[in-house]
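Residues per chain, in single letters:
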Amino acid sequence: MKIKEVKVDQNLCIGCGSCEAFAPKAFELRDGKSFVKEGWENESEENIKTAQGSCPVSAITIIEE
Ligand code: SF4
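Everything numeric in this text was worked out from a predicted model, so none of it was measured.

K.L.:
Break down the overall build of the protein chain for me, with residues and values.
P.N.:
A count of helical and extended segments in the protein chain gives two helices and four strands. Overall, the protein chain shows an N-to-C arrangement of helices and strands of β-α-β-β-α-β. Radius of gyration (C-alpha) of the protein chain: 10 Å, near the 11 Å computed for a compact globule of 65 residues. Based on the C-alpha atoms only, the size of the protein chain along its principal axes is roughly 30 × 20 × 15 Å.

K.L.:
Report on the site of the ligand, specifying residues and quantitative values.
P.N.:
The local shell around the ligand holds 15 residues, among which C13, C16, S18, C19 and C55 are the closest. Residue classes in the shell around the ligand are distributed as ten nonpolar, five polar and no charged.

K.L.:
I'd love a proper account of the nonpolar core, names of residues and values included.
P.N.:
C19, A23, A26, A51 and I60 are the most contacted members of the largest nonpolar core, which has 13 residues in total. Elements represented by at least two residues in this core include exactly β1 (3–8), α1 (18–22) and α2 (45–54). Filtering out sequence-adjacent residues up to four positions away, A26 remains in contact with V6, V36, K37, W40, E43, I48 and A51.

K.L.:
I'd love a proper account of the pairing of strand β3 (residues 33–36), names of residues and values included.
P.N.:
Where strand β2 (residues 27–30) and β3 come together, four bridges link them in antiparallel fashion. Residue pairing in the sheet places L29 in a bridge with S34 of β3. Taking the residues between adjacent antiparallel strands as the criterion, β2 and β3 are bridged by two residues, where D31 takes a positive phi near 50°.

K.L.:
Can you explain α2? Please cite residues and give values.
P.N.:
Residues of α2 that are buried include every one of I48, A51 and Q52, and no others. Buried residues in α2, looked at end-on, bunch into an arc of 100°, giving them a common side. α2 presents E46 and G53 as exposed residues on the side facing more than 90 degrees away from its buried surface. On the buried face of α2, the contacting elements are β1, α1, β2 and β4 (60–64).

The rules behind each value
Residues numbered from 1 in each chain as written. Predicted model: local features only at pLDDT ≥ 70, side-chain atom pairs only at ≥ 80, totals over all residues. Helix = DSSP H or I, 4+ residues; strand = E, 2+ residues; numbered from the N terminus. Rg over C-alpha atoms; globule rule 2.2 N^0.38 Å. Near = placed C-beta within 6 Å. Nonpolar A, V, L, I, M, F, W, Y, C, P; charged D, E, K, R; others polar. Core = buried A, V, L, I, M, F, W, Y, C linked by C-beta atoms within 7 Å. Buried ≥ 20, exposed ≤ 12 C-beta atoms within 10 Å, placed from the backbone. Contact = placed C-beta atoms within 7 Å. Pairing = 2+ DSSP bridges. Arc of directions from axis to C-beta.

Remember that the coordinates give geometry; whether it matters functionally is a separate question.
Here's what the structure looks like:
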């Protein structure tokens, strides 16, 4: 399965920074919230999934083809 889209729900995000730490090419914190970066496709799928699993509030959605 290939990742087609990644989303962060900023209403849920508490800005813990975990996703950015595990997948720095895919996520960045701005003003205390995480956003999906342009070029997130360059991050490994494993790192993106690890980041999703690390999110304490389940704010990250991964859509696979
Ligand atoms: S891991 Fe979740 S709560 Fe933490 S910054 Fe990322 S999206 Fe926000």
